[in-house]
Each structure stands twice: as C-alpha cells, then as structure tokens.
Amino acid sequence: MTAARPSTPTTDRPPLSLRERKKIKTREAIRAATYALVEEQGYDATTIEQIADRAEVSPSTVFRYFPTKEDIVLTDEYDPILLEELRARPADEPWPDSIRYVMREAVRTGIEEDIAVARLRTHLMVQVPAVRSRMMESMSVTGRMLCTAIGERTGRDPDSLEVRVWAMSLIGGLMETSLYWAENDHQDDFAELVDRTLTTLQHGLRTENP
C-alpha cells in the first residue's frame, strides 16, 4: 500500500485575499440570518427574501452563495479541511486510526465550537424532509471526495467497488449518527456517538449478551 504525502499544514497557508475574506463574511452573515429566523418563526415560514433582508444582501446574492434554502442550513467549509487532515496523517498510521483521529477533530471544530447551530441543523434534518433529502445529496458528494482520499492513502482505485462501499458506509453511518442524536433530543455526547459509529464500521455488529 502507498500513502499520500502530507499536504501543507493549515498554519502554512497563505493569508486569504480581501475578496476571499469578504466572501466568507457574506456567507457567514447569510447563515447567521437564516439560523436566527428559523429559531424565531420556523423553517417553512422563513423565506429567502427575509434572509436577504436580515443579512443585508440581495436575494440574488443569497442564491449566488447558496442554490437552495436547504444549502444555507447544511453547507459548511469542513469537507476540504477533512481531506487535508487525512492527507496529513502519518504514512504508517493504520487507516482506521487516521479516520478516527480526523473525525474527532471534526466533531471538536464543527460541533463543540457551536453546539447550538449543530443542534438546530440536526433537528431540521429530522423534522424537514427537504433538508434531510438535500443532506443525503450533499453527503454523497462528500463520499466521493473521501473515495479520492482513500485511494491516495491506500493505493487502491478510488472508483473501485470496495472503496466506494467503505466510503459511503462511513458517510451513511455519520448521517444516521446525526439523526440518532437529534431524535434523542441531543442528550448523548456526540463525540461518543461518532466513536461508537466508527467502532461498528470497523468491527461490525457484535452479538449482545442475553
């Protein structure tokens, strides 16, 4: 097996240009406006026009950044970062250990740093069919990106059946973990749930003692 060379560390990236910073600021303003409106009046009652007005942008600007209202709720910036983190893991580290490390970091940055938003997003996944459907489409794209990373790391064909099955099993497992967390009123520790998911994928179902 071969492994990809670590990518350039995050701290070594060149600073963002003014245009890139403005784009990020606009995206964050649109997201913040959406979350606030949904909290105030519910998802279905929230319109693109209201979001644009709250974010102080035009409706066309909202659509330029997010093709659908569901995308505003679900889209984040973490997928490319996850791939970079996977590529940066030690070449001799077992693949399951690399995945576990990166997922723990993703939970820490994506969930623990803004738990209220994470709860809102997963709640909407359970309650709104359109959000859940769009989430499945989005995670399918993430799965393809993961196939590329697996291929680089293991030397396998990223389009092979085995790689695709494993990647989409992980993606599906993570989606079910999010749904489970929301369906149980977010009472569980999400990091522990993700850890259980990875253990199940790695070792399969174990017969419970009678």
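Residues numbered from 1 in each chain as written. Predicted model: local features only at pLDDT ≥ 70, side-chain atom pairs only at ≥ 80, totals over all residues. Heavy atoms only, no water.

**Thoughts on the packing of helix α1 (residues 18–41) against helix α2 (residues 48–55)**
The relative placement of two packed helices comes down to the angle between their axes together with the axis-to-axis distance. Quick note on the threshold: Under this scheme, a helix contributes an axis fitted over its contacting stretch, all axes are lines through C-alpha atoms, and angles between N-to-C directions fall in the 0 to 180 degree range. Helix and strand labels come from DSSP, where a helix needs a run of H or I of at least four residues and a strand needs a run of E of at least two; each type is numbered from the N terminus. Angles below 35 degrees are treated as roughly parallel, those above 145 as roughly antiparallel, those between 65 and 115 as roughly perpendicular, and all remaining angles as oblique. Definitions for this section: a left-handed crossing has its near helix turned counterclockwise from the far helix by less than a right angle. A right-handed crossing has that turn clockwise. Residue contacts are counted whenever heavy atoms from the two residues lie within 4.5 Å of one another. By the convention adopted, Pro, Cys, Tyr, Trp, Phe, Met, Ile, Leu, Val and Ala count as nonpolar, Lys, Arg, Asp and Glu as charged, and the other residues, Gly among them, as polar.
Packing of α1 against α2 brings their axes to within 8 Å, and their N-to-C directions diverge by 120°. One element, α1, and the other, α2, form an angle in the oblique class. Relative to α2, α1 is oriented so that their crossing is right-handed. Along its contact with α1, which presents A29, I30, A33, T34, A36, L37, E40 and Q41, the element α2 presents Q50, I51, R54 and A55. Tallied by class, residues from the contact of α1 with α2 come to 7 nonpolar, 3 polar and 2 charged.

**A word on the pattern of salt bridges**
As a reminder of what qualifies: The working definition used for a salt bridge is a side-chain nitrogen of Lys or Arg within 4 Å of a carboxyl oxygen of Asp or Glu. Working definition: with a 1.4 Å probe on protein chains only, accessible area under 20% of the residue-type maximum means buried, over 50% means exposed, and in between means partly exposed.
Within the structure shown, the criterion is met by 9 salt bridges. Its salt-bridge partner being R100, residue D195 comes within 2.7 Å of it at the nearest N-O pair. Pair noted here: D195 is in helix α10 (residues 190–203) and R100 is in helix α6 (residues 95–110), with a separation of 95 residues, a long-range link. Given the relative accessible area of 24%, D195 is considered partly exposed. Relative accessible area serves as the criterion here: at 13%, R100 is assigned to the buried category.

**Details of the side chain of R89**
Within the element layout of this structure, R89 appears in the loop between α5 (78–88) and α6. Given the relative accessible area of 17%, R89 is considered buried. In contact with R89, other than residues within four places in its own chain, are S98, Y101, V102 and R153.

**A look at unusual backbone geometry**
For E56, which is not a glycine, the phi torsion comes out positive at approximately 60°. Secondary-structure assignment places E56 in the loop between α2 and α3 (59–65). Given the relative accessible area of 74%, E56 is considered exposed. In this structure, D185 takes a positive phi of about 60° despite not being glycine. Within the secondary structure layout, D185 lies in the loop between α9 (161–183) and α10.

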